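# An overview of the molecular structure
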Amino acid sequence: TGSAYACYRPMSSDTYSTDSPLFIVAGGSTATDINQPVSAITTSNRFEYSILGSSTNAFVTGSNIPVSLYFPSMEISYLQRKAYLFGGAPEINLPVNTVYSLDLSNPGGNPWNLETKTMPKSRFGHKAIILNR
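In this report, we go over the structure that sits alongside the text. (Residues numbered from 1 in each chain as written. Predicted model: local features only at pLDDT ≥ 70, side-chain atom pairs only at ≥ 80, totals over all residues. Heavy atoms only, no water.)

### Some points on unusual backbone geometry
At phenylalanine 71, a position not held by glycine, the phi torsion is positive, near 55°. When you line up the elements, phenylalanine 71 lands in the loop between β4 (60–61) and β5 (73–77). On the basis of relative accessible area, phenylalanine 71 is assigned to the partly exposed category, the value being 27%. Unusually for a residue other than glycine, asparagine 93 sits at a positive phi of about 65°. With respect to the helices and strands, the residue asparagine 93 is situated in the loop between β6 (82–86) and β7 (99–103). (Helix = DSSP H or I, 4+ residues; strand = E, 2+ residues; numbered from the N terminus. Buried < 20%, exposed > 50% of the residue type's maximum accessible area, 1.4 Å probe, protein only.)

### Let's talk about the sheet that holds β6
The four strands are arranged β5-β6-β7-β8 in an open sheet whose pairing can be described as antiparallel. At either margin of the open sheet sits one strand with a lone partner, and together these are β5 and β8 (112–114). For this sheet, the mean inter-axis angle between neighbouring strands, taken without regard to orientation, is 25°. In the sheet, β7 pairs with β8 via three bridges, with the strands oriented antiparallel. Bridge pairing in β8 links serine 101 to asparagine 113. (Pairing = 2+ DSSP bridges. Axes fitted to C-alpha atoms, helices over the stretch in contact; angles between N-to-C directions.)

Right under this line is the structure:
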């Protein structure tokens, strides 16, 4: 629960139009007992992706996020060929304002990088929308 996710589906008019379409998931909680109280949340630094339209229909583990985050948000920049991960919380009710990015030229091999720009306010459980599509 509480993971960030986005779909990367380049159009023929995009600069990187030949990239494989992906469904990407980052962070969240790895607690398996959903009947437990909020204190049972175990934040995760996992990053996984699935190549859409492939015959395997499997998720592949990519580079871990540098920190574990619960309920961050994620969005894609088709112009910069990056996924951006915004905010989240390393522990419940301790939101952060950090932004991480992942170069999608090699989603399984490239690391997540901490961006110098931050969000104006620390948040978790928020949403992100793409404005350049």
